[in-house]
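Descriptive analysis of the structure
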Amino acid sequence: MNRFNLNDQKRPYRSITILIFVIVGCIFADLFIPYVPSYMNAAEISQAPSSNHLFGTDAMGRDIFSMIWYGGRLSLFIGLLATLISTALAILYGCASGLAGEKLDDCLMRFTEILMSVPQILLVIFIQAMFGDATAVSIAIVIGLTSWMAVAKMVRSEVKQIRNADYVLAARTMHGGFFYILWNHLMPNFMSAILFMIITNLGGAIALEATLSYLGVGLPIATVSWGSLMALSQKSMLSGSWWTLLIPGIFLVVTLICITQVGEYTRTRNRREQLL
Amino acid sequence: MINSRARTASYIWRKLGQFVLTLFALSLIVFFIARLTPGDPLRAFYGDAVERMGVEQLAAAKERLGLNDSLITQYINWFQNALHGDFGISFKYKQDVLSVIEQVYMNTLLLTTVCFVLIFILGLLLAIFCVRHEGRLVDRLICQIGVATNSIPEFFIALILIMIFAVNLGVLPSSGAYSVGQAGNLTDRLEHLVLPVLAIVISHLWYCAYLMRNKLSEEVRAEYVLLAKVKGLSQRRIIYTHCLKNIMPAVVSIMAIFLPHLLGGAYVIEMVFSFPGLGSLGFESAKYHDYNMLMVICLMTGVVVILTNMLAQVVNEKLDSRMAYEQVDFEEDSSLEGRVAHE
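Since the structure is predicted, the reported quantities are computational estimates derived from the model, not experimental observations.

We now examine the overall build of chain A. Looking only at helices and strands, one finds 12 helices and 0 strands in chain A. In chain A, the succession of α and β elements from N to C terminus is α-α-α-α-α-α-α-α-α-α-α-α. With the C-alpha coordinates aligned to their principal axes, the bounding extent of chain A is approximately 75 × 45 × 35 Å. The buried share among the 276 residues of chain A stands at 48%. When contacts within chain A are restricted to residue pairs at least 6 apart in sequence, those whose partners lie at least 24 apart make up 69%.

Before going further, it helps to examine the packing of helix α12 (residues 278–287) of chain B against helix α13 (residues 291–319) of chain B. Residues and elements named next belong to chain B. It is at 9 Å that the axes of α12 and α13 come closest, and there the two elements cross at 145°. Here α12 runs over α13; the crossing is left-handed. Residue-level inspection shows L278, L281, G282, S285 and A286 of α12 in contact with α13, the latter providing M293, L294, I297 and M300. In terms of residue class, the contact of α12 with α13 is made up of 7 nonpolar, 2 polar and no charged.

Bringing helix α9 (residues 186–219) of chain B into the picture now. Compared with the 50 Å implied by 1.5 Å per residue over 34 residues, the 43 Å span of α9 of chain B between its first and last C-alpha is markedly short. L205 of chain B marks the point of greatest bend in α9 of chain B, at about 35°.

This part covers unusual backbone geometry. Despite not being glycine, H175 of chain A shows a phi value in the positive range, around 60°. Relative to the assigned elements, H175 of chain A resides in the loop between α8 (166–173) and α9 (178–215). Owing to 7 C-beta atoms within 10 Å, H175 of chain A belongs among the exposed residues under this scheme. A positive phi angle, near 45°, is found at S274 of chain B, a position not held by glycine.

Okay, the interface of chain B and chain A next. The accessible area lost on association of the parts is a frequent measure of interface size. At the interface, 54 residues of chain B touch 51 residues of chain A. Counting residues per element, the ones that place at least two in the side of chain B that touches chain A are α1 (2–36), α7 (137–149), α8 (154–168), α9, α11 (235–272), α12, α13 and α15 (330–340) of chain B. Examining the composition of the side of chain B that touches chain A, we find that 8 residues originate from one element, α13 of chain B, more than from any other. Here the side of chain B that touches chain A is built from residues that sort into 31 nonpolar, 17 polar and 6 charged.

We now examine the packing of helix α3 (residues 64–99) of chain A against helix α6 (residues 136–146) of chain A. Residue and element names in this part refer to chain A. Between α3 and α6, the least distance of the axes is 8 Å, while the angle of their chain directions is 40°. With respect to each other, α3 and α6 are oriented oblique. The way α3 lies across α6 gives a crossing that is right-handed. Here L74, F77, I78, L81, A82, I85 and S86 of α3 come into contact with α6, specifically with A136, I139, A140, I141, I143, G144 and L145. Residues of the contact of α3 with α6, tallied by class, amount to 12 nonpolar, 2 polar and no charged.

On to the environment of V251 of chain B, then. All names here are of chain B. In this structure, V251 sits in helix α11. Sequence separation between V251 and V268 is 17 residues; the distance between their C-alpha atoms is 25 Å. Apart from residues lying up to four places away in sequence, V251 is in contact with L124 and M212.

What counts, and at which threshold
- Residues numbered from 1 in each chain as written.
- Chains lettered and ligands numbered in written order.
- Predicted model: local features only at pLDDT ≥ 70, side-chain atom pairs only at ≥ 80, totals over all residues.
- Helix = DSSP H or I, 4+ residues; strand = E, 2+ residues; numbered from the N terminus.
- Buried ≥ 20, exposed ≤ 12 C-beta atoms within 10 Å, placed from the backbone.
- Contact = placed C-beta atoms within 7 Å.
- Axes fitted to C-alpha atoms, helices over the stretch in contact; angles between N-to-C directions.
- Left-handed = near helix turned anticlockwise from the far one by under 90°.
- Nonpolar A, V, L, I, M, F, W, Y, C, P; charged D, E, K, R; others polar.
- Expected span 1.5 Å × (residues − 1).
- Bend = angle between axes of the 7 residues up to and from the residue.
- Parallel < 35°, antiparallel > 145°, perpendicular 65-115°, else oblique.

What follows is the structure, encoded as structure tokens:
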């Protein structure tokens, strides 16, 4: 069906370049940011962008340019850790379900369906509220624990298709263990199919952390991430300082759109390979 | 005649049984999430007061909350109370959980229903528009917007809308469900509804339309469409009278799968606009670790989603009677879910 999507033949070079730029900038932020991100300068509250403060300052007198690069680290870290956890869980769960007998498989899939019927954000705040106050790691774990279901379903349907292939049966007859077969025979087969979901999961995790921190149920304002950076922006926006909202927001949105573009590219490429 | 009535009855019973079973499983999951996470329920219930309690007070508090019983007994007790409509007391509001929810759930219901209907109608119209102009700039633009908006967090879209319409233009209110003292004023209420609805529709419509467009664009390549063309039917006629009917089951599935994401998005938007509803209640409760309240909100949302999914299934079986006998194509279903699942 690919010939109907007109834009998917191109590799998303633009998105990849922007992503690399953002990632490198965040990692090496210490080398070039002009202010200490957490430093609150009471004399320079809510200043518009100028040569002194490239992106202006927020309502607490912090330099937004410094905070964006510094906070990006935390946001990307949370996204990566959450994706790692959800992917590992999804692969284990999906394989177990795909290889299990019909009854157990049915039960496991019902379980994921029920979990999916509650919106992810609600599950996250529910579990996080039980955990106690949020830290970067706890948020990543909770996001990871609540975003594996869709990937697991995909893994299961892929595994179901290849579980009876000759090479899997051969490995089984030679007493290949669950993890041996999973790693050597199953994973190489379904990784390309779930890659796009993993990439979109990464974007989803970053967006979710930003949403939570923005709403005040994620990271505290003192811990700088892209979400908590914007937590104060609604009030300052009403008083006219648009830069506290727009500049971090555009950073976040551009990153997310680039991740989605890369994800879309892997999806269409995978479909093309399957058709060929 | 009797036979068909008996069949209908058994059909309804089967669906009802499925629903009760799913509901039971959902309550089990929600309960065990609340109890198995490493947090301390005592702390969640009494807050920082726990630190000031003596040993005896702690023991008494534990006894009162029934924390000394086994998990199974705790669940049975909780479930029995829940059946009587007693979901415990909200720690933050110091009231019965249901009586707090009673005050706000209608707002959420109104907001999400309006958005759901709007997205359904507009999405379908956009999809038809795209397919009629397939490959042209408009079509590509809408598809690109669909993919992009799907990755933009809702709160950002809502903030942009507030900035444009409430701060710069000053034409619409930016928070609440009604102005102070205007609770009975219908136009005032509607005015407060405009921005939240707009925010939800903008963040979900395009992707929905994109999914529907892809379905429709596959459909217009079917052979019967070629036959219809050869017969000399106009494109409009083909799409409206033939293709739409055939993609309806898929559209219904898309909307059903979309619902949890729509609800999650609506909750966030409610919070941004301080719109009194289940969502803002949920986030406020999360700030205070009010887990009784969160449990009920999770349960209610889950029930609504499960009900809608079953309704969609029934509608699909009515639309396409093959579905009642065949298993739905699982692979296609899950890939669709995977694509919708990421906001």
